[in-house]
Amino acid sequence: MYKALLIDPEILLKDKLVNALDWNEHGFQLHTFSESFSKAFVQFKIKKYDVVFLHLVDDNPKGLEICKRIRKVSKIPLLLFGGSKDFHFIRQTIRLQVTDYLLTPLHSDELENCLLTLKQTLKTEIMPLHPPLKTKITSQKNRKTIIEEVKMYAHSSLNTNITLKEISDDLHYNCSYLGQKFKAQEQMTFYQYLLTIRMDKAKSLLASTDLKIYEVASEVGYTDLDWFYKKFKEHVGESASNYRRRYQSISSVSANTRYG
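Draft legend 1. Looking closely at the overall build of the chain. Looking only at helices and strands, the chain features 12 helices and five strands. Burial status across the chain gives 40% buried among its 260 residues. For the chain, restricting intrachain contacts to residue pairs at least 6 apart in sequence, the fraction spanning at least 24 positions comes to 66%. Accessible surface, the chain as shown: approximately 15,100 Å² in total, 51% of it carbon and sulfur.

This is the structure we're talking about:
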């Protein structure tokens, strides 16, 4: 069981996060802290935690400041929650070597996927490094950092017509070079990755919200509804309407079984 510290000045969001899923079932013992960031840092230093979850309220600079203070004394995984889609703000979090940054409002499936990745990271970090591999690993980490920036950019721009050229210009990299490195690491092209995360987000919205399908399409960057329908069916294997009906039917049966 991993010990996790949740730092969140907003009690309402803290309660929603605590109740979003069964933390123990996912291997995390959650300790919440709702006072000031400075007091939270003292709490962090007093007790030994395996991971820190931090809610950044309205891009509060104090939130980033506590990240910096933690980074000065520890390489502990940092998972941030926030509502900012500003890429330059997100880049600051990347420089602090955060494990992940999730936009609010949170969706339970996204949080679960994030926790699975986090557990794998924690398992990996306890394995000792073999000295001759350090140089190679450093090079791999540098490349991974670049690709993680690209992926962060894509996630924060899902509702726009984002292109790899735009990202490469912003990051000051050659577009072809970035595309090659992305494919080498992710085993898919950038546009295949972008389609995948758009469809995953669309499925999440269809299953967990009452948004109209055209609103879902807009949320994941499609202004042409027919094109969204086409890409969704190609990727998922069924229409968006059928997917929502099927998922709601399963949810209804599960609810009846649970309470009936």
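Let us keep going from here.
Draft legend 2. Focus on the nonpolar core. Counting residues in hydrophobic clusters, the biggest one holds 22 residues, and the most contacted among them are Ile7, Phe44, Val52, Leu54, Ile66, Ile70 and Leu80. Those elements giving two or more residues to this core turn out to be strand S1 (2–7), helix H2 (37–46), strand S3 (51–56), helix H3 (61–73) and strand S4 (78–82). When residues no more than four places from it in sequence are discounted, the contact partners of Leu54 are Ile7, Phe37, Gly63, Ile66, Cys67, Leu79, Leu80 and Phe81.

Draft legend 3. Molecular detail of helix H8 (residues 175–186). Across its 12 residues, H8 extends 16 Å between first and last C-alpha, which sits within 8% of the 16 Å expected from 1.5 Å per residue. Within the span of H8, buried status applies to Leu178, Phe182, Gln185 and Glu186. Buried residues of H8, seen end-on, are gathered within an arc of 80° and therefore sit on one face of the element. Where H8 begins, one side-chain oxygen reaches toward the backbone nitrogen of Ser176, 2.9 Å away; that side chain belongs to Asn174.

Here is what the cut-offs are and how they apply
- Residues numbered from 1 in each chain as written.
- Predicted model: local features only at pLDDT ≥ 70, side-chain atom pairs only at ≥ 80, totals over all residues.
- Heavy atoms only, no water.
- Helix = DSSP H or I, 4+ residues; strand = E, 2+ residues; numbered from the N terminus.
- Buried < 20%, exposed > 50% of the residue type's maximum accessible area, 1.4 Å probe, protein only.
- Contact = heavy atoms within 4.5 Å.
- Areas by Shrake-Rupley, 256 points an atom, 1.4 Å probe, with all protein chains shown as cover.
- Core = buried A, V, L, I, M, F, W, Y, C linked by side-chain atoms within 4.5 Å.
- Expected span 1.5 Å × (residues − 1).
- Arc of directions from axis to C-beta.
- Polar contact = N/O pair within 3.5 Å; in protein donor to acceptor, adjacent residues only side chain to side chain.

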